Structure formats: structure tokens, C-alpha cells
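Architecture at a glance
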Amino acid sequence: MYVCNCNGVRQREVDSAIAAGAVNPRQVLAHHGHEPCCGQCMPEIAACIIGARRANPRTEEALVAAE
Ligand code: FES
């Protein structure tokens, strides 16, 4: 299932971008060479980032350090 229909970005690609250090939806798309188009996926990608922070405190520390 696609998270970003405009760019064909799937959940696993969102997850890999977050694991690589993406801290906002634009960075998640940019990690895979894309830019936002319609922007409809931004809230869902942001929710994934928040979920990753809650699920993995070490990710939270890394993201805070990167901001
Ligand atoms: S669905 Fe992601 S930019 Fe349109």
C-alpha cells in the first residue's frame, strides 16, 4: 500500500527514511529522491515519524539531536 500516491512511496520506504534520520515528511520523500506534490500524505508521514519516536526512544534521541 502506498503512503504517498503521487510518488509511489510505500510504508517500508517511509520507515527506512525515518530509520536513516529523516525528521519531517519532506526529508522522508527526499530520502527517496522525491518532492511533495499534492501534500495529502504529509499528515500520514508525520504520524509515522511520531510513532517511530514513541516506539523507539533511541530514535527520539537521534531525531532531537538532528533538529
Ligand atoms: S500523496 Fe504524497 S505528495 Fe501527493
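Summary of the structure given here. (Residues numbered from 1 in each chain as written. Predicted model: local features only at pLDDT ≥ 70, side-chain atom pairs only at ≥ 80, totals over all residues. Heavy atoms only, no water.)

Quick look at helix α3 (residues 42-55)
Spacing of three or four residues puts side chains on the same side of an α-helix, whose turn is 3.6 residues. Between its first and last C-alpha atoms α3 spans 20 Å; for 14 residues at 1.5 Å apiece the expected length is 20 Å, and the two agree. If you check which residues of α3 are buried, you get Met42, Ile45, Cys48 and Ile49. The buried residues of α3 occupy an angular sector of 125 degrees when projected down its axis, which confines them to one face. With respect to the buried face of α3, the exposed residues turned more than 90 degrees away are Pro43, Arg54 and Ala55. (Helix = DSSP H or I, 4+ residues; strand = E, 2+ residues; numbered from the N terminus. Expected span 1.5 Å × (residues − 1). Buried < 20%, exposed > 50% of the residue type's maximum accessible area, 1.4 Å probe, protein only. Arc of directions from axis to C-beta.)

Some words on the nonpolar core
With 14 residues, the main nonpolar core has Val14, Ile18, Val28, Leu29, Cys41 and Ile45 as its most contacted residues. By residue number, the principal contributor to this core is α3, which donates four residues. (Core = buried A, V, L, I, M, F, W, Y, C linked by side-chain atoms within 4.5 Å.)

With respect to helix α1 (residues 11-19)
What α1 keeps buried is the set Val14, Ala17 and Ile18. Angularly, the buried residues of α1 cover 100 degrees about the axis, an arc narrow enough to put them on a single face. For α1, exposure combined with an orientation more than 90 degrees from the buried face picks out Arg12 and Ala19. Looking at the buried side of α1, the elements it contacts are β1 (2-4), β2 (9-10), α2 (25-31) and α3. Where α1 terminates, the next one or two residues include Gly21, which has phi positive at roughly 115 degrees. (Contact = heavy atoms within 4.5 Å.)

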